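A look at the structure
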Amino acid sequence: MSVWTRCLMLSSAVILTMVMAGPTSAQTKLRWAHVYEITEPYHTEALWAASEIRRRSNGKFDIEVFPASRLGNENQLNEGLGLGTVDIVYVGINFVAATYKPLGITGAPFMLRDFDHWKAYRASKLFADLAKDYEDKTRHKILALTYYGQRHVTANKPISKPDDMKGMKLRVPPAPLVLMFTRSVGANATPIAFSDVYNALRQGLVDGQENPLPTIMAKKFYEVQSHIVLTGHITESMVTVIGSHVWNKLKPDEQKLFADTMKEAAAKATEAIEASERVLATQLKKLGMTVVEPDREAFRQAAVPLHNDAAAGAGWTRAQYDELQSLK
């Protein structure tokens, strides 16, 4: 057999293999980025979702997950989604609200009654409508809502009512709806970089701070604060967003695959976070903190008058507010 004949046969075999493999053999690589640590449910469930999408698509989609701000902070990830440098992100509700204000409605103090109210909102037409309006404005698609936890106050004194916080130097992030909380109780909002909060508490530069229980535990604030006050003043959420440059190229069945899988991952992470909240107060008590259950109704009554005050950060309509409050 001549060299020419052997080359021709080899080329034919390669072409035949490519034809038999078909167009679905081309693999799409995607980048999913977030700011959370690898031990947190957000990351472990992102890994699960990436693996499931790869399996359910027969390997067509290969998603690499980048945790712990490896590709930037939340602002940078938001920008990257628009630039196409990242394809999927987890982002806090306050960050998407910076683009479309009504989505921030659940981030106002005492806007949600409890975890059941949050779940009702997740399943509501209101959330679906707000997510669609966000998509119309940005072209990006919100695939799922994940529970992040209730924010609580830590201090070096007991706090049982709003008046106990008057004049208190409270470290808060520079988010309008968190500032609505400090305004409602008369505290002095003190902006300090999150990485510096522990030292600021230790040195007495601020009197207290507020964060969800998992964060309070992870950052060891129990070492520099004596009391944890279970205000539950803000219920935090985050969304899973896929960039328009990816979503618009997916076939309808592929869009359903992504949406279904991301919702499953969000539900699993939500269950893990809510379960941890039920035990962390007891664990913090064992670590020496005094756990205070304040008059939450008094705190709520102080916040309600600001709920629809645009000057205080409200960015939703009265109809949207009423619809949220009517959810059971």
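The structure reproduced in this document is the subject of the present report. (Residues numbered from 1 in each chain as written. Predicted model: local features only at pLDDT ≥ 70, side-chain atom pairs only at ≥ 80, totals over all residues. Heavy atoms only, no water.)

1. Quick look at the pattern of salt bridges
- Enumeration over the complete set of coordinates arrives at 20 salt bridges.
- The salt bridge involving Asp-62 is made with Arg-54; its shortest N-O contact spans 3.0 Å.
- With a shortest N-O distance of 3.1 Å, Arg-56 and Glu-264 are connected by a salt bridge. Highlighted residues: Arg-56 in helix H2 (residues 41-56) and Glu-264 in helix H11 (residues 252-286), separated in sequence by 208 residues.
- On the accessibility criterion, Arg-56 (31% relative accessible area) is partly exposed.
- The class of Glu-264 is partly exposed, set by a relative accessible area of 33%.
- Through salt bridges with shared partners, a single ionic network connects Glu-52, Arg-55, Arg-56 and Glu-264. (Salt bridge = Lys/Arg side-chain N within 4 Å of Asp/Glu carboxyl O. Helix = DSSP H or I, 4+ residues; strand = E, 2+ residues; numbered from the N terminus. Buried < 20%, exposed > 50% of the residue type's maximum accessible area, 1.4 Å probe, protein only.)

2. Description of the pairing of strand E3 (residues 88-92)
- Along E3, five of the five residues are buried, which leaves the element largely enclosed by surrounding structure.
- Side chains of E3 alternate between two faces, with Ile-88, Tyr-90 and Gly-92 and Val-89 and Val-91 buried alike.
- Pairing analysis gives two bridges linking strand E1 (residues 28-33) to E3, with the strands arranged parallel. Across the sheet, the residue bridging to Trp-32 is Ile-88, located in E3. (Pairing = 2+ DSSP bridges.)

3. Observations concerning the pairing of strand E8 (residues 227-242)
- With respect to burial, E8 is a largely interior element, 16 of its 16 residues being buried.
- Looking at chain direction, E3 and E8 are connected through five bridges and run antiparallel. Each residue of the ladder has a partner; that of Tyr-90, found in E8, is Thr-240.
- Judged from the twelve bridges that link them, strand E4 (residues 141-155) and E8 form a sheet pairing that is antiparallel. Paired with Gln-150 across the bridge in E8 is Thr-235.
- In the sheet, E8 pairs with strand E9 (residues 290-292) via three bridges, with the strands oriented parallel. Bridging from a neighbouring strand, Val-229 pairs with Val-292 of E9.

4. A short note on the side chain of Thr-215
- Turning to its location among the elements, Thr-215 is positioned in helix H9 (residues 213-218).
- Those residues in contact with Thr-215 that sit more than four places away from it in its chain are Tyr-148 and Phe-194. (Contact = heavy atoms within 4.5 Å.)

5. A short note on helix H13 (residues 318-325)
- Residues Gln-320, Tyr-321 and Leu-324 constitute the buried set of H13. Along the axis of H13, the buried residues cluster in a sector spanning 100°; they form a single face. Opposite the packed face of H13, turned more than 90 degrees from it, sit the exposed residues Arg-318 and Ala-319. (Arc of directions from axis to C-beta.)

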